[in-house]
Each structure stands twice: as structure tokens, then as C-alpha cells.
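Spelled out from the first residue to the last, the chains are:
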Amino acid sequence: MSAARSYVTVVSGMPRSGTSLMMRMLQTGGIPALQDGRRPADRHNPHGYFEDDRARRLAHDSSWIEEARGKAVKIIYRLLPHLPPHLDYRVLFMERDLEEVFESQQDMLVSTQNPAAAQDRAAIIGASAADLDSAKHWLRCQANFCHIAVPYAGLMANPLLWADRVSQFLDGRLNLPAMAAVVDPALYRHRR
């Protein structure tokens, strides 16, 4: 199915906003995921992370993105401006309540005894909100980027509806029941 898609499908957003879930949905629905499998599944993401480690170094080397034509790749929102400007992108921007994101990130940090777990909640959430606003503004200004916001809570509440919206955004032809079936509400552990 990916042969007709000349653009790169990008799944973006904050960490812990549902990006891995969306990557799994796309792969199950018919769009191959560009991933290296280096980061194993764990209790935080029991179905895997669907990451390509090269994405972390995107600011220094973006030549590999050419491989993502017709595929889906996960790129953290802060790195979107480093994507090569000669390609076309369809961005699925995952949105989740920032309190929930903070709680989920805290859970991960505490479990690995990361000192960042001691950061101030209000400061982190405020900075994250400003960062996200800037990223969305930047996206709206790019001629070679189309994007759709996908609310994590909405996706959890009605996976078939959001599978259909995502499919339509990506030219249709995705397997909607398969996409919706991978959404597991039991994994929505940090909710307000």
C-alpha cells in the first residue's frame, strides 16, 4: 500500500503522548514503520516504541529520512524543523493533557531512578505548553507539511473514529478494524 505514498508519514508530539500507539496503529493498518527495534518493549510501552535511533540525531544528519518515503517514522516535535525541506510530510501530531503527560513521564523517570524526576511540575508543564504552541505554529507555516491533531483521550474513547480520520488524512486505504483493535484502554494509566 505504501508505493503510492510519495510523502513521509510522521508521528510526532511529546514523549508519552501516544506516539508509539499511533505508530503501531499505522503499521497494523498498512503503512510500514521505519524503526530499528533497538529499544525493547517494557512495562511503559508493552507493545514497543517503534523508534529509529537515527531520529535522535536528526539535527546533525537527516540524509536517512529519504528511506521514510511511503513509511511512518516517529519524530519528536522539537526535531520537526530539522526534516529535509525537499520532501513532503503528513504529520500526525499526538496531543494529550499535559498533566497526564507529566505523570506518565514521572512514572518512567522514577522507575529508572533518573534525577530529572525531581523537576518542578508547574515549570515543566508551562514550558511544555509554550514549546508545543511554537511547534504547532511552525507546522502551520510550512508549505510541505500537512498535519492533523490526534487527541489521545479521543483516540482511547473512540479508536475506530480516529482510525478513519487518520486513514482519510493519509489518502484512505488503511485497515480500520485492525488499527482500532490495537488500542488498549487498559494502557491509559495516567488520566485526569
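Here, every reference points to the structure presented above.
Residues numbered from 1 in each chain as written. Predicted model: local features only at pLDDT ≥ 70, side-chain atom pairs only at ≥ 80, totals over all residues. Heavy atoms only, no water.

## Brief notes about the packing of aromatic side chains
1) Next: Under the criterion given, the structure shown has 2 aromatic pairs.
2) Next: On the numbers, 5.1 Å between centres and 75 degrees between planes, the contact of Trp138 with Phe145 is edge-to-face.
3) Next: Given a relative accessible area of 26%, Trp138 falls into the partly exposed group.
4) Next: Pairwise contacts between aromatic rings join Tyr89, Trp138 and Phe145 into one cluster.
5) Next: Positioned over the ring face of Tyr7 is Arg90, at 4.2 Å from the centre of the ring. (Phe/Tyr/Trp six-rings, centres within 6.5 Å; stacked < 30°, edge-to-face > 60°. Buried < 20%, exposed > 50% of the residue type's maximum accessible area, 1.4 Å probe, protein only. Lys NZ or Arg CZ within 6 Å of the ring centre and 35° of its normal.)

## Let's talk about the sheet that holds strand E3 (residues 89–95)
1) Next: The strand order across the open sheet formed by 4 strands is E2-E1-E3-E4, and the pairing between neighbours is parallel. The open sheet has two free edges, formed respectively by strand E2 (72–74) and strand E4 (145–151), since each of these has just one partner strand. Adjacent strand axes in the sheet meet at a mean angle of 25 degrees when their direction is disregarded.
2) Next: The pairing of strand E1 (residues 8–13) with E2 spans 3 bridges and is classified as parallel. Among the inter-strand pairings, Thr9 is bridged to a residue of E2, identified as Ala72.
3) Next: Across the sheet, helix H3 (residues 121–140) lies against E3 and E4, angled at about 155 degrees from E3, the strand it touches most.
4) Next: Strands E3 and E4 of the sheet are contacted by helix H5 (residues 159–169), whose axis makes an angle of about 180 degrees with E4. (Pairing = 2+ DSSP bridges. Helix = DSSP H or I, 4+ residues; strand = E, 2+ residues; numbered from the N terminus. Axes fitted to C-alpha atoms, helices over the stretch in contact; angles between N-to-C directions. Contact = heavy atoms within 4.5 Å.)

## Concerning the pattern of salt bridges
1) Next: Across all of its chains, the model carries 13 salt bridges by this definition.
2) Next: A salt bridge links Arg56 to Glu51; its shortest N-O distance comes to 3.4 Å.
3) Next: Owing to a relative accessible area of 55%, Arg56 belongs among the exposed residues under this scheme.
4) Next: One salt bridge in this structure joins Asp53 and Arg56, with 2.9 Å as the shortest N-O distance.
5) Next: Taking the relative accessible area as the measure of exposure, Asp53 reaches 23% and is therefore partly exposed.
6) Next: Because the salt bridges share partners, they merge into one network encompassing Asp36, Arg38, Glu51, Asp53, Arg56, Arg57 and Lys74. (Salt bridge = Lys/Arg side-chain N within 4 Å of Asp/Glu carboxyl O.)

These values are about where atoms sit, not about what they do.
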